[in-house]
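Working through the structure, step by step
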Amino acid sequence: MRITILGSAAGGGFPQWNCNCRNCAGQRAGTVRAKARTQSSLFIQPDAGADGLLLNASPDILQQIKATPALQPGRSLRDSAIAAVLLIDGQIDHATGLFMLRERTSPLPLWCTDPVAQDLSEGNPVLRVLTHYCGVDRHRIQPDGSAFEIPGLAPLVFRAIALSSKAAPYSPHRDAPEPGDNIGLLVTDPRSGRTLFYAPGLGEIDAQVFDAMHQADAVLVDGTFWTDDEMQRLGLSRKTARDIGHLAQSGPGGMVEWLDKLPPSTRRLLIHINNTNPILDEDSAERAELDRAGITVCEDGMTLDL
């Protein structure tokens, strides 16, 4: 299977439109060596050139389609290689792009959990709005690790597990988490036996999550913050990374430490990187630490073949 990283930044993208932190200001001025990034999303195809699955519909989806010809193959007057959309959660940076797909000529095949469907029907009623346009053909995901398939994407097999993270701020269960608010996704190609684990919003790694990571040949996991108090130290928030559902990379029990426990052959990649994270600076000490650990910082347009 081929995995294309359409967007690799957290909400707001990089540089963020209203942010003048060292990273954002430096990227604009050219004084920090850092690549611009759109908000996180993947495109997974059973084979290069085939129709595929859009994993999260970012607010930047139109820019991402323009930058990725595989998503717009132009085989007919109205065309798209997006066979279906699967949402990891109901956050704005992962679901707002659904509005941009409203010109479809048939109902949009959408895969998500019940809590996410509720969030996008009540708190942020994207799904209700789309009924006035293309409509939505919604399919339920059970976040219990059971295998399922998505029409048009054979032979890929999918499994979802519930994660400890946070529902969107407009969710009716923001402060009363439910299984399925946020999921990690395992995608296996039975022809090669190779598996991807994707979890851009990951607040805690328990035994089930680590087992899923251990099964995978490549892991794309939460790269939002370098330190737990990153936003606090910059005066941008009173909340820690954990408060908003993200496990920081550095320090005891951080993402770097967990990734170091995986088999040497596992590809380790960080995605959903916040604009404040020093790893965006390719000359930073934090980026050098990741390089030494064999951890890749995702960039828009990067591809993986498993």
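Heads up: the structure comes first, above all this text.
In this convention, every chain numbers its residues from 1, walking through the sequence in written order. Where totals are concerned, whole chains, interfaces and linings use all residues; where local detail is concerned, this predicted model gives features only for residues with pLDDT of at least 70, and gives and counts side-chain atom pairs only at 80 or more. With hydrogens and water set aside, each side-chain value is computed from the structure's full complement of heavy atoms.

The next thing to look at is the overall build of the chain. Secondary structure follows DSSP: runs of H or I at least 4 residues long count as helices, runs of E at least 2 residues long count as strands, and numbering of each begins at the N terminus. Looking only at helices and strands, one finds nine helices and 14 strands in the chain. The atom set for the radius of gyration is the C-alpha atoms, and the globule formula is 2.2 Å times the number of residues raised to the power 0.38. For 306 residues, the compact-globule estimate of 2.2 N^0.38 gives 19 Å, and the chain sits close to it at 18 Å. For the C-alpha atoms alone, the extent of the chain along its principal axes is close to 50 × 40 × 40 Å. Buried residues are those whose accessible area, probed at 1.4 Å on protein chains only, stays under 20% of the maximum for their type, while exposed residues exceed 50% and partly exposed ones sit between those limits. Scored against the burial criterion, the 306 residues of the chain give a buried share of 55%. The contact definition used throughout considers only heavy atoms, calling two residues in contact when any of these lie within 4.5 Å. Put simply, 68% of the contacts in the chain that link residues at least 6 apart link residues at least 24 apart. Note on areas: Shrake-Rupley with a 1.4 Å probe; residue coverage comes only from the protein chains shown. Element-wise, carbon and sulfur atoms account for 50% of the exposed surface of the chain, whose accessible area totals about 12,700 Å².

Moving on: the pattern of salt bridges. Charged atoms that come close allow side chains of opposite charge to pair. One side-chain nitrogen of Lys or Arg within 4 Å of one carboxyl oxygen of Asp or Glu is enough to make a salt bridge. Applying the stated criterion across every chain, the model contains 15 salt bridges. A salt bridge links R138 to D114, with the shortest nitrogen-to-oxygen separation between them at 2.9 Å. On the criterion of sequence distance, the pair formed by R138 in strand 6 (residues 136–140) and D114 in helix 4 (residues 114–123) is long-range, its members being 24 residues apart. With relative accessibility at 28%, the residue R138 sits in the partly exposed group. Taking the relative accessible area as the measure of exposure, D114 reaches 35% and is therefore partly exposed. Taking the shortest distance from any N to any O, the salt bridge between R140 and D114 comes out at 2.8 Å. Here R140, found in strand 6, pairs with D114, found in helix 4; they are 26 residues apart in sequence, far enough to count as distant.

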